[in-house]
Amino acid sequence: KFMVKHRGRWYATALLPVLLVVEATDVVFAVDSIPAIFAVTRDPFIVFTSNVFAILGLRALYFVLKTMMDAFRFLKVGSGSSWFSVAETRPSLKVMRPAAALRSPPQE
């Protein structure tokens, strides 16, 4: 639910700002693709309809992802391990070093 009624007043849930951000990114991606469409055609009808269908297609993908979230149970582990491997192979990103490597050497 985007809005709930509590003690006679309507309140926005945390899902409402998420919806607004998703809608804003839909519009940004649609506007961003206009130059690419003009590289293919100059017909304004095709430009308009391709943007409308792009927005509607993104909407359908959000609902597909919502229903399939249980299938992505290893998503956090997989993305974390890939970020770790990238950080370990790039010298400028060595942020995940073990704590033992950060200790100073013993003094004599």
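What counts and how
Residues numbered from 1 in each chain as written. Predicted model: local features only at pLDDT ≥ 70, side-chain atom pairs only at ≥ 80, totals over all residues. Heavy atoms only, no water. Helix = DSSP H or I, 4+ residues; strand = E, 2+ residues; numbered from the N terminus. Buried < 20%, exposed > 50% of the residue type's maximum accessible area, 1.4 Å probe, protein only. Contact = heavy atoms within 4.5 Å. Areas by Shrake-Rupley, 256 points an atom, 1.4 Å probe, with all protein chains shown as cover. Pairing = 2+ DSSP bridges. pLDDT = per-residue confidence, 0-100. Patch = residues over 30% accessible without salt bridge, like charges linked within 9 Å, V, L, I, M, F, W, Y side chains within 5 Å. Salt bridge = Lys/Arg side-chain N within 4 Å of Asp/Glu carboxyl O. 1 Å grid on protein atoms, 1.4 Å probe; cavity = no way out; pocket = protein on both sides within 12 Å on 5 of 7 lines; lining within 4 Å. Points joined across faces, edges and corners; volume = space filled by probe spheres on them. Nonpolar A, V, L, I, M, F, W, Y, C, P; charged D, E, K, R; others polar. Polar contact = N/O pair within 3.5 Å; in protein donor to acceptor, adjacent residues only side chain to side chain.

> Just to check I follow, could you spell out the overall build of the protein for this structure?
Across its full length, the protein holds five helices and two strands. Reading the protein from its N end, one meets helices and strands in the order β-β-α-α-α-α-α. For the protein, the proportion of its 108 residues judged to be buried stands at 7%. Long-range contacts, defined here as pairs at least 24 residues apart, represent 20% of the contacts in the protein between residues at least 6 apart. When the accessible surface of the protein is split by element, carbon and sulfur atoms take 70% of a total near 9500 Å².

> Just to check I follow, could you spell out the pairing of strand β2 (residues 9–12) for this structure?
The side chains of a regular strand alternate, first on one face of the sheet and then on the other. Pairing of strand β1 (residues 3–6) with β2, which is carried by four bridges, proceeds in the antiparallel orientation. Its bridge partner lying in β2, valine 4 is registered against tyrosine 11.

> Would you take a moment to explain the confidence of the model for the protein for this structure?
Predicted coordinates in areas of low pLDDT are best not read in detail. Summarising the model, the protein shows a mean pLDDT of 77, and 78% of its residues fall at 70 or more. Taking the mean pLDDT of every element in the protein, the minimum, 52, falls on helix α5 (residues 99–102) and the maximum, 91, on β2.

> Is there a simple way to explain a nonpolar patch on the surface in this structure?
A grouping of Val64, Leu65, Met68, Met69, Phe72 and Leu75 is seen on the molecular surface, where their side chains present a nonpolar patch of about 510 Å² in accessible area. A total of three residues in the nonpolar patch trace back to one element, the largest contributor, which is helix α3 (residues 44–68). Structurally, leucine 65 is set in helix α3.

> Would you explain the layout of surface pockets in this entry?
The gaps of empty space that remain are located by a probe, the size of a water molecule, rolled over the atoms. For the largest pocket, the calculated volume is near 280 Å³. At the level of elements, α1 (15–32) and α3 are the ones that each hand at least two residues to the lining of the largest pocket. Looking at which element gives the most residues to the lining of the largest pocket, the answer is α1, with five residues. Split into classes, the residues belonging to the lining of the largest pocket amount to seven nonpolar, no polar and three charged.

> I keep staring at unusual backbone geometry and nothing clicks. Help me out?
Backbone geometry places arginine 7, a non-glycine residue, at a positive phi of 55°. Considering the arrangement of structural elements, one finds arginine 7 in the loop between β1 and β2.

> What is the right way to look at the side chain of threonine 41 in this model?
Looking at the element boundaries, threonine 41 is found in the loop between α2 (34–40) and α3. Within polar-contact distance, the side chain of threonine 41 engages the backbone nitrogen of aspartate 43 at 3.1 Å.

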